[in-house]
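Remarks on the overall topology
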Amino acid sequence: MAVSPFTYVAHLLAVAAAVLILVWSIHFRGGLALNSTNKSLIFNVHPVMMLIGIIILGGEATMSYRALPGSRDARKRVHLMLHGVALVLGAVGIYAVFKYHKESNISNMYSLHSWVGLGTFCLYGIQWIMGFVTFFFPGASASTRQSMVPWHAIFGLFIYILAVGTAQLGFIEKLTFLQLYNKLGKYGSEALLVNFMALVVIFLGAAVVLSTVNFKTTRLESQKSIGL
Ligand code: HEM
Ligand code: HEM
């Protein structure tokens, strides 16, 4: 089966997003650390892990099912493992922001970003567990697996879109804090970089979702063709 051109676009945007988040956190924000007297460095771990984990690796995991060569079983394992690594990196990112809040005496869970973010992260974890027990171990019957596939795919895409939206809220929140309290220039290079990165993340999300659409066949036919 031919790989969707959107998959290649998504790979390019994924690399761009990874470079931009590292430039932001290391060059502009001073670097990353899980333990430091400079508490901002602990915060920096949060966006880096969320973006490289859930958004970038999660996107690659979703596309891997269709885009990779090899047997259905091998692709299933790659899909499962990449989502697993995304989940672990996401957990480190959430741990980092709670640690930063605790050590800086900042309240928890006061923003829309934090509510939608924690909700999205929990859904991502539930999706992984449900996918694992249904399609991998112990595995449901063939007919249950078949009827679960469209639900798994649609919930997976929904959670991914929620994660992209959460990241947007996070970018705008952090940038607003920096503009209010750190006197960051509204049109300065850092503000431009963050806004540009947020756009890249939107386009990445769109490319990942579009790469799962098979325009020539119905979803059911395309599911059969990728070997379910
Ligand atoms: C899928 C992606 C993301 C998820 C699931 C997520 C989740 C969360 C959660 C649960 C909190 C609350 C921590 C607490 O209350 O102690 C939080 C805080 C925060 N996050 Fe994110 N985040 C994501 C991406 C980002 C990104 C890309 C940024 C950009 C800088 C960001 C910026 C922030 C900021 C500034 C806070 C502290 C203020 C607040 O609690 O709202 N987040 N995030
Ligand atoms: C948070 C974790 C997960 C997310 C967000 C997710 C998301 C998705 C999405 C969006 C698709 C549709 C891909 C497409 O149509 O091209 C898909 C397909 C699939 N996923 Fe997952 N998945 C996750 C975890 C798992 C796990 C742990 C398994 C266990 C093996 C699994 C098994 C499958 C299978 C068998 C398909 C193929 C469905 C088909 O034939 O269209 N997934 N997943």
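See the structure printed just above.
Not measured: the values here are computed from a predicted model.

Rules of the game
- Residues numbered from 1 in each chain as written.
- Chains lettered and ligands numbered in written order.
- Predicted model: local features only at pLDDT ≥ 70, side-chain atom pairs only at ≥ 80, totals over all residues.
- Near = placed C-beta within 6 Å.
- Helix = DSSP H or I, 4+ residues; strand = E, 2+ residues; numbered from the N terminus.
- Axes fitted to C-alpha atoms, helices over the stretch in contact; angles between N-to-C directions.
- Parallel < 35°, antiparallel > 145°, perpendicular 65-115°, else oblique.
- Left-handed = near helix turned anticlockwise from the far one by under 90°.
- Contact = placed C-beta atoms within 7 Å.
- Nonpolar A, V, L, I, M, F, W, Y, C, P; charged D, E, K, R; others polar.

The next point concerns the site of ligand 1. Around ligand 1, the structure places 25 residues, and the nearest of them are Asn108, Ser111, Ser114, Gly117 and Gly170. Of all elements in the fold, only α2 (39–67), α3 (72–103), α4 (112–135) and α5 (142–181) reach the threshold of two or more residues within the shell around ligand 1. The greatest single-element share of the shell around ligand 1, amounting to 7 residues, is contributed by α5.

This part takes up unusual backbone geometry. With omega at 0 degrees, the peptide bond leading from phenylalanine 137 into proline 138 counts as cis. When you line up the elements, proline 138 lands in the loop between α4 and α5. For methionine 109, which is not a glycine, the phi torsion comes out positive at approximately 55 degrees. Residue lysine 183 is not a glycine yet carries a positive backbone phi of 55 degrees.

As a packed pair, α3 and α4 sit with axes 11 Å apart at the nearest point and diverge in direction by 155 degrees. Considering their axes alone, α3 and α4 lie roughly antiparallel with respect to each other. For the element pair α3 and α4, the recorded crossing hand is left-handed. Touching Lys76, Leu80, His83, Gly84, Leu87, Gly90 and Ile94 of α3 are Phe121, Tyr124, Gly125, Trp128, Gly131, Phe132 and Phe135, all from α4. Looking at side-chain class alone, the contact of α3 with α4 contains 8 nonpolar, 5 polar and 1 charged residues.

Limitation: the analysis is restricted to geometry and does not speak to function.
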